[in-house]
Amino acid sequence: MTNQLRFDRRVALITGAGGGLGRAYALLLAARGASVVVNDLGGSMRGEGAGTAAADRVVEEIRAAGGEAVANYDSVEDGPRIVQAALDAFGRLDIVINNAGILRDVSFQKMTVDDWDKIYRVHLYGAYQVTRAAWPILRDQGYGRIIMTSSAAGLYGNFGQANYSAAKLGLLGLAQTLAVEGQKRNVLANAIAPLAGSRMTETILPPELVAALRPEYVAPLVAYLCHESSLETGHTFEVGAGWVARVRWQRGRGAFFPLGDALTPEDIAARWAEIDNFDEPTYPETPTDSFAPVVANLQRKAEQPPTADGRPPTADAATETAPASATSGGGRSSPVSGPLDAIGYEFAPVTTNYREKDVSLYALSVGAAADALDAAELPFVYELSGDGFRPLPTFAVTFPFALLWQITAVPGLRFNPALLLHGEQFLELHRPLPTKATLTHRARIADIYDKGSAALVLLDVDTYDETGAKLASNRSSLFIRGLGGFGGERGPSGGGLALPDRAPDATHRQATTDNQALLYRLSSGDGNPLHADPAFAAAGGFPRPILHGLCTFGFAGRAVLRAFAGNDPARFKSIKARFARHVFPGETIVTDMWQDEEGQRVLFQSKVAERDEVVLSNGVVELNQ
Ligand code: NAI
């Protein structure tokens, strides 16, 4: 075979090569011309005892096949002796495969210091000792290939292997840094996370699998990485049973917060969905890559004129990608005196995206398709629906959450977020929502009224799709208790809407589920613990967590869409309602609806059946004809 990857004149040191994977490496490299140091302490799988038989057997196998090998019986903890054995036998060293290993599996609760220490000493310290002794030789000759043996347990964690996984992930870190330090001298280091049948796995895997997972399926990757033609370094591979794949770190886009302001745990909680989102991943390869977003946030601060109170006006990377029409967040130089100064304030635009799963989750969280025998709402929850998958129009009320957190940073509007009450919501759809989209949200404080004890803040949020077309407009009326009395206008009085003096034209009645709020918080991004945590709800004076007002809003919107618009979102122009009372998850929402003569407006009101209390009042849906 002319193209065979050969190892003639190369010397390979393989630790723990008396059996299992190490033996397979030794046989393969020797068969391709390498001189091999077969190291093995020859003890038990738990690292007890020692013996020469294991290493001797493999050396005999190699010699019988015409190869060249010597045995070494030292523990890897005595790395320099093993390296010396290579120099004594062959006069050089090119390849170091750190493979020796033992197990001391036990739950962390029961793990002794000895269990911890022994594993650390064989796997991580042993690999250090061997590699450290080999390092100057490899560097000086300008050639070296090093393998560290990690494990899926190290990459992902595994019950009973706290000691082992810690050491195994340590080996990955070691390989990565040696790759950086060795690259200029052609000393390359990689890590593998193998899966193979051996005495290590025969106690946990069925015999057929142990037999099938032959170490010979792992050895070729190791040989390739050790060959002079491979320039791979600093990488990690999962390998076993005829499958080889590189593994790397993935990082989400993350959330950016304004610098200069106090960052609170509530800020983190409010934006958890972004922190935990992998829709726009990056794959950092170096610490510089890792720090890049941090540096970007710091630079953003430096480039923007500070607000009067020293706060950087914008903080989100999306600022760079959003359409350039708004002058975001402050940039004002006049002194901030109170809430009136916040009127006209524009938030830093934020970019988000959603996909089919988010659309379905939202619909489920507002009670869609609760009846398995009724297919009418399948198009909102099932992307393969024959009737054409589509978002519920009220899905768009979740959009403002992407930037609502910024309200606590608006100059003149300093307040405790716990004192914010959602008064009313208005949503207008400019076109039906796509089934997936990348969105840019722009928010502005439209007005602020002085209601005496509270400030009423009107927050407008416009949402655009990737082409720049406006999709939806939200207006939220927010009461901030304790912030009134600043001398502003009282604003329009919030008189109630008169309902027709006749029986409703349609009524929709649906029980919410006990976990409705837990579902809605996932679909909406509204992670307020008031809707999830009994202790938090109790502190707020509620016997248990309450349903999000916008969840009830979603139930009502669905009811109107179905009763008067044939479940066609294109017919749904706008919806407005006032939040009158709370609903407890598990209670039944009854929505009464009245259509006007022209068929363009539907008035509605939602009650909670169990307590006969109005929970949504002043409800109006405008329909497109
Ligand atoms: P194995 O038990 O057949 O081989 C390990 C060898 O290391 C044994 O021959 C043992 O005598 C030797 N050894 C133990 N302590 C030593 C010491 N202090 N000095 C020198 N030699 C010593 O097990 P296997 O499966 O071949 O494991 C090889 C490596 O692969 C280990 O590092 C293991 O943690 C790792 N690994 C194996 C997996 C598998 O599926 N077999 C999965 C993930 C990692």
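Whatever comes next refers back to the structure up there.
Everything numeric here is computed off the predicted structure, so don't read it as measured data.

Participant: Help me get a handle on the overall build of the protein, residues and values and all.
Facilitator: Helix and strand counts for the protein stand at 17 helices and 18 strands. Radius of gyration (C-alpha) of the protein: 33 Å, far over the 25 Å computed for a compact globule of 625 residues. Expressed along its principal axes, the backbone C-alpha trace of the protein runs to roughly 100 × 60 × 50 Å. For the protein, restricting intrachain contacts to residue pairs at least 6 apart in sequence, the fraction spanning at least 24 positions comes to 70%. Of the roughly 28,400 Å² that the protein leaves accessible, carbon and sulfur atoms contribute 53%. If you average the places of the 58 positive and of the 70 negative side-chain charges in the protein, the two averages end up 3 Å apart.

Participant: Describe the sheet that holds strand β14 (residues 506-511), listing the residues and the values that go with them.
Facilitator: With respect to topology, 10 strands assemble into an open sheet ordered β9-β11-β12-β13-β10-β15-β18-β17-β16-β14, the strand pairing being antiparallel. Across the chains shown, the open sheet's two edge strands, defined by having one partner strand only, are β9 (350-354) and β14. On average, each strand axis in the sheet is inclined to that of its neighbour by 20°, with strand direction left out of account. Where strand β11 (residues 437-450) meets strand β12 (residues 454-464), 10 bridges bridge the pair, whose relative direction is antiparallel. Bridge pairing links Arg-442 to Asp-462 in β12.

Participant: Run through the packing of helix α1 (residues 20-31) against helix α8 (residues 219-226), naming residues and quoting values.
Facilitator: Two elements in contact, α1 and α8, have axes separated by 9 Å at closest approach and are oriented at 55°. As the angle between them shows, α1 and α8 are arranged oblique. Crossing of α1 over α8 shows right-handed handedness. Here Ala-24, Tyr-25, Leu-28 and Leu-29 of α1 come into contact with α8, specifically with Ala-219, Pro-220, Val-222 and Ala-223. Residue classes in the contact of α1 with α8 are distributed as eight nonpolar, no polar and no charged.

Participant: Help me get a handle on the site of the ligand, residues and values and all.
Facilitator: Taken together, 30 residues lie around the ligand, and Leu-21, Asp-40, Asn-99, Tyr-164 and Ser-198 are the ones closest in. A distance of 3.0 Å separates a nitrogen atom of the ligand from a polar backbone atom of Val-76. In the environment of the ligand, an oxygen atom lies 2.4 Å from a nitrogen or oxygen atom belonging to the side chain of Ser-198. Out of a free accessible area of 810 Å², the ligand has 96% covered by protein chains.

Participant: Which residues make up the nonpolar core, and what are the values?
Facilitator: By size, the foremost hydrophobic cluster in this structure holds 50 residues, and its most contacted members are Tyr-354, Phe-399, Leu-433, Met-593, Phe-604 and Val-621. Those residues in contact with Val-621 that lie beyond four places of it in its chain are Val-560, Phe-572, Ser-574, Ile-575, Gln-600, Arg-601, Val-602 and Phe-604. Val-11, Val-70, Val-96 and Leu-103 belong to the second largest nonpolar core, which has 34 residues in total.

Participant: An account of the packing of aromatic side chains is requested, with residue identities and associated values reported.
Facilitator: For the structure on display, the rule yields nine aromatic pairs. For the ring pair Tyr-345 and Phe-347, a centre distance of 5.9 Å and an interplane angle of 65° mean the geometry is edge-to-face. On the basis of relative accessibility, which here comes to 4%, the residue Tyr-345 falls in the buried class. Ring geometry for Phe-395 and Phe-399: centres 5.7 Å apart, planes at 75°, overall edge-to-face.

Participant: Quick rundown of the environment of Tyr-73? Include the residues and the values.
Facilitator: Relative to the elements of secondary structure, Tyr-73 occurs in the loop between β3 (68-72) and α3 (79-90). Filtering out sequence-adjacent residues up to four positions away, Tyr-73 remains in contact with Asn-39, Asp-40, Leu-41, Gly-51, Thr-52, Ala-55 and Asp-56. Among the polar contacts listed, one links the side chain of Tyr-73 to the side chain of Asp-56, at a separation of 2.4 Å.

Participant: Any details on helix α13 (residues 356-365)? Residues and values, ideally.
Facilitator: For α13, the complete set of buried residues consists of Val-359, Ser-360, Tyr-362, Ala-363 and Ser-365. On its buried face, α13 is in contact with β9, α15 (516-524) and α17 (549-565). Directly beyond the C-terminal end of α13, a positive phi value near 85° is found at Gly-367.

Participant: Lay out the pairing of strand β15 (residues 572-579) with the relevant residues and their values.
Facilitator: Pairing analysis gives five bridges linking strand β10 (residues 420-429) to β15, with the strands arranged antiparallel. Residue Phe-426 lies in a different strand from β15, and its bridge partner there is Lys-576. In terms of strand pairing, β15 meets strand β18 (residues 613-623) through six bridges, oriented antiparallel. Bridge pairing links Phe-572 to Leu-623 in β18.

Participant: Lay out the packing of α1 against helix α2 (residues 53-64) with the relevant residues and their values.
Facilitator: The contact between α1 and α2 brings their axes to 10 Å, and the two run at 25°. Classified by the angle their axes make, α1 and α2 are roughly parallel. Viewed along their axes, α1 and α2 form a crossing whose handedness is right-handed. Contacts between α1 and α2 pair Arg-23, Ala-26, Leu-27 and Ala-30 from the former with Val-58, Glu-61 and Ile-62 from the latter. Along the lines of polarity and charge, the residues of the contact of α1 with α2 split into five nonpolar, no polar and two charged.

Cut-offs used in this document
- Residues numbered from 1 in each chain as written.
- Predicted model: local features only at pLDDT ≥ 70, side-chain atom pairs only at ≥ 80, totals over all residues.
- Heavy atoms only, no water.
- Helix = DSSP H or I, 4+ residues; strand = E, 2+ residues; numbered from the N terminus.
- Rg over C-alpha atoms; globule rule 2.2 N^0.38 Å.
- Contact = heavy atoms within 4.5 Å.
- Areas by Shrake-Rupley, 256 points an atom, 1.4 Å probe, with all protein chains shown as cover.
- Lys, Arg positive; Asp, Glu negative; His and termini not counted.
- Charge placed at Lys NZ, Arg CZ, Asp CG, Glu CD.
- Pairing = 2+ DSSP bridges.
- Axes fitted to C-alpha atoms, helices over the stretch in contact; angles between N-to-C directions.
- Parallel < 35°, antiparallel > 145°, perpendicular 65-115°, else oblique.
- Left-handed = near helix turned anticlockwise from the far one by under 90°.
- Nonpolar A, V, L, I, M, F, W, Y, C, P; charged D, E, K, R; others polar.
- Near = heavy atom within 4 Å.
- Polar contact = N/O pair within 3.5 Å; in protein donor to acceptor, adjacent residues only side chain to side chain.
- Core = buried A, V, L, I, M, F, W, Y, C linked by side-chain atoms within 4.5 Å.
- Buried < 20%, exposed > 50% of the residue type's maximum accessible area, 1.4 Å probe, protein only.
- Phe/Tyr/Trp six-rings, centres within 6.5 Å; stacked < 30°, edge-to-face > 60°.

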